Amino acid sequence: GAGVSQSPSNKVTEKGKDVELRCDPISGHTALYWYRQSLGQGLEFLIYFQGNSAPDKSGLPSDRFSAERTGGSVSTLTIQRTQQEDSAVYLCASSLAHRGTSGNTIYFGEGSWLTVV
Amino acid sequence: SQKIEQNSEALNIQEGKTATLTCNYTNYSPAYLQWYRQDPGRGPVFLLLIRENEKEKRKERLKVTFDTTLKQSLFHITASQPADSATYLCAHNAGNMLTFGGGTRLMVKP
């Protein structure tokens, strides 16, 4: 597509429920990133994919968080047994290749706003 | 540990003036730094990238400098306009990921 697409744009869920957030990257982009941004805070790296593999899962805050990517395209971030502290904007981004030292620009979606009540 | 820091206090300036935002890094030497703009409720948008061997990079009213001695990047907006009001984020490569500073909010008053 023309840009990174995320869904849902807004999600309100009850504490303890599972949620799935979807990211559709720019066509042809092999690298995909998930970040989290709490209100008024900076971006917190969660995970990145190169193709379908996730070499770096170090940013996932707990084992309740998982992510997958299929077909080198769409990615899903799943949060199990949501807690109130999970409330944040979850931002997905993609780039042509993993940046390493190449400095490829990454393009962000508009985010999925998650509120856990 | 590697750190990238921005002034968390909002910067308020008058329209027409030059806005200067600062990004400092410690304990490492990034190969490049990037600057992004983020409007409320939106995802960040890439503005400029500057590499360690570049002193300065310009794009229209934007200018970025990279001082490896001071371990600092400065982001300038000349002839600022109210539409420039947003949060500006710097980012650097840290291992496998792009790590962002906390951002500085810029308010340009008419």
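Before reading on, note that the structure itself is shown above.
What counts, and at which threshold
- Residues numbered from 1 in each chain as written.
- Chains lettered and ligands numbered in written order.
- Predicted model: local features only at pLDDT ≥ 70, side-chain atom pairs only at ≥ 80, totals over all residues.
- Heavy atoms only, no water.
- Helix = DSSP H or I, 4+ residues; strand = E, 2+ residues; numbered from the N terminus.
- Buried < 20%, exposed > 50% of the residue type's maximum accessible area, 1.4 Å probe, protein only.
- Contact = heavy atoms within 4.5 Å.
- Areas by Shrake-Rupley, 256 points an atom, 1.4 Å probe, with all protein chains shown as cover.
- Lys, Arg positive; Asp, Glu negative; His and termini not counted.
- Charge placed at Lys NZ, Arg CZ, Asp CG, Glu CD.
- Salt bridge = Lys/Arg side-chain N within 4 Å of Asp/Glu carboxyl O.
- Polar contact = N/O pair within 3.5 Å; in protein donor to acceptor, adjacent residues only side chain to side chain.
- Pairing = 2+ DSSP bridges.
- Axes fitted to C-alpha atoms, helices over the stretch in contact; angles between N-to-C directions.

## Some details on the overall build of chain B
- Along its length, chain B carries 0 helices and 11 strands.
- Projected onto its principal axes, the C-alpha positions of chain B cover 40 × 30 × 20 Å.
- Counting all 110 residues of chain B, 45% fall into the buried class.
- In chain B, the proportion of contacts linking residues at least 24 apart, taken out of those at least 6 apart, comes to 54%.
- Surface summary for chain B: the accessible area is close to 5500 Å², and the carbon and sulfur share equals 46%.
- Of note, chain B has its 14 positive side-chain charges centred 1 Å away from the centre of its 10 negative side-chain charges.

## Regarding the interface of chain A and chain B
- Each partner contributes to the interface: chain A provides 21 residues, whereas chain B provides 20 residues.
- Across the contact surface, chain A and chain B share 1 salt bridge.
- The shortest N-O distance in the salt bridge between A:E110 and B:R42 comes to 2.5 Å.
- On the surface where chain A and chain B come into contact, there are 4 residue pairs in polar contact (both at pLDDT 80 or more).
- Of all the secondary-structure elements, those providing two or more residues to the side of chain A that touches chain B are strand 4 (31-37) and strand 5 (43-50) of chain A.

## Re the sheet that holds strand 7 (residues 65-69) of chain A
Residue and element names in this part refer to chain A.
- Pairing within the open sheet is antiparallel, and its 4 strands lie in the order 1-3-8-7. In this open sheet, the two strands that pair with only one neighbour each are strand 1 (5-7) and strand 7. The sheet shows a mean angle of 15° between the axes of neighbouring strands, taken without regard to direction.
- By the bridge criterion, 3 bridges tie strand 1 to strand 3 (residues 19-24) in an arrangement that is antiparallel. In the sheet register, S5 faces strand 3, and the bridge partner there is D24.

Keep in mind these numbers describe shape, not what the thing actually does.
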